[in-house]
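Next come the chains, spelled out residue by residue.
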Amino acid sequence: MKYIASCSFGKDSLATVILAKIHNEPLDAVVYARVMYDQHRSAEVPEHEEFIQNVAIPMLESWGIPVYTVQSDKTFMDCFYRVRCRGKMVGKIVGFPLPGICDVQRDCKLPAIRKAHDLFKDEEVTWYLGIAKDEPVRLKRLTGNQISLLDKYGYTEDMAVELTKQYGLYSPVYAFTKRGGVSFARIKRTGNCFTFALTTRIYGTN
């Protein structure tokens, strides 16, 4: 049996890794499903990407936890410039993803997640997912091979914040958005509009 933590390097997934460490829970590896903006740049906002690469991954590896990064062959820019082949807009590029109709989720995030599972396809795996005690709807979606250590040890989202701060693993992305993760893949009508605008301003479309 392998025990793998799925980690976005947000507060909940990192708090999960910390709980595994301090409670001696089995943990064989951490897997990060990374979405790319283009072939050379991550789709994470720069502050979070720098935190992942220069702070979080080195710290987890210093604890003896291997970190695997997987990503799709397609990028955000591939999705942006994809030409529509059907419907009223045939022949036009897709452009920015719309809420609830996101090519980035389908073509970038989900293939990366499938690659994560393929890493251990010949093993029996239990996945640790960063779902807090005060997220009952998400907890009900857990399947038989998925565990929430945050729920097991009674950690709410606020408690996850404090735990990651205690270990120096609280991402700077929370200075301007309530949730981490790839902004292109999770645009909403409210809440993350500022994050999306900030990211596109920094990266541009070149």
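Predicted model, so just to flag it, every value in this text is computed and none were measured. (Residues numbered from 1 in each chain as written. Predicted model: local features only at pLDDT ≥ 70, side-chain atom pairs only at ≥ 80, totals over all residues. Heavy atoms only, no water.)

Draft legend 1. Focus on the environment of S6. Within the secondary structure layout, S6 lies in strand β1 (residues 2–6). Expressed as a C-alpha distance, the spacing of S6 and Y68, which sit 62 residues apart in the sequence, is 9.9 Å. Beyond its immediate stretch of four places on either side in the chain, S6 contacts S13, V31, W127, Y128 and L129. (Helix = DSSP H or I, 4+ residues; strand = E, 2+ residues; numbered from the N terminus. Contact = heavy atoms within 4.5 Å.)

Draft legend 2. Focus on helix α1 (residues 11–22). With 12 residues, α1 should cover 16 Å at 1.5 Å per step; its first-to-last C-alpha distance of 16 Å lies within 8% of that length. Residues of α1 that are buried include every one of K11, D12, S13, L14, A15, T16, V17, I18, L19 and A20, and no others. Buried residues along α1 sit in contact with β1, β2 (29–34), α2 (46–62), β4 (125–128), α6 (149–152) and α7 (157–166). Directly after α1, the chain includes N24, whose backbone phi takes a positive value near 55°. (Expected span 1.5 Å × (residues − 1). Buried < 20%, exposed > 50% of the residue type's maximum accessible area, 1.4 Å probe, protein only.)

Draft legend 3. Seen up close, the packing of aromatic side chains. Throughout the structure, instances matching the rule amount to 7 aromatic pairs. Considering the side-chain rings of Y170 and Y174, the 5.0 Å spacing of their centres and the 20° angle between planes classify their relative orientation as stacked. The exposure class assigned to Y174 is buried, which follows from its relative accessible area of 14%. A connected cluster of aromatic rings, assembled from ring pairs, spans Y68, F120 and W127. Over the ring of Y170 we find K165, and its NZ or CZ is 5.0 Å from the ring centre. (Phe/Tyr/Trp six-rings, centres within 6.5 Å; stacked < 30°, edge-to-face > 60°. Lys NZ or Arg CZ within 6 Å of the ring centre and 35° of its normal.)

Draft legend 4. Looking closely at a nonpolar patch on the surface. A grouping of Y81, V83 and I93 is seen on the molecular surface, where their side chains present a nonpolar patch of about 270 Å² in accessible area. Locating I93 in the fold gives a position in the loop between α3 (76–80) and α4 (103–118). (Patch = residues over 30% accessible without salt bridge, like charges linked within 9 Å, V, L, I, M, F, W, Y side chains within 5 Å. Areas by Shrake-Rupley, 256 points an atom, 1.4 Å probe, with all protein chains shown as cover. Salt bridge = Lys/Arg side-chain N within 4 Å of Asp/Glu carboxyl O.)

Draft legend 5. Fine view of the pairing of β4. Every second residue of β4 is oriented toward a common face, with V125 and W127 on one face and T126 and Y128 on the other, all of them buried. Of the strand pairs in this sheet, β1 and β4 are connected by 4 bridges, and their pairing is parallel. In the strand pairing of β4, Y3 is matched with T126. (Pairing = 2+ DSSP bridges.)

Draft legend 6. Quick look at the sheet that holds strand β5 (residues 146–147). On the basis of which strands lie adjacent, the open sheet formed by 5 strands has the order β3-β2-β1-β4-β5 and parallel pairing. Each end of this open sheet is capped by a strand with a single partner; those strands are β3 (67–71) and β5. Contacts from α2 reach β2 and β3 within the one sheet, and its direction differs from that of β2 by about 165°. (Axes fitted to C-alpha atoms, helices over the stretch in contact; angles between N-to-C directions.)

Draft legend 7. Here's a closer look at the pattern of salt bridges. Tallied over the full model, the rule gives 7 salt bridges. In this structure, R34 and E49 form a salt bridge, with 2.6 Å as the shortest nitrogen-oxygen distance. Pair noted here: R34 is in strand β2 and E49 is in helix α2, with a separation of 15 residues, a long-range link. Judged by relative accessible area, which is 11%, E49 ranks as buried. Bridged by salt links that share partners, the residues K11, D12 and E157 form one connected network.

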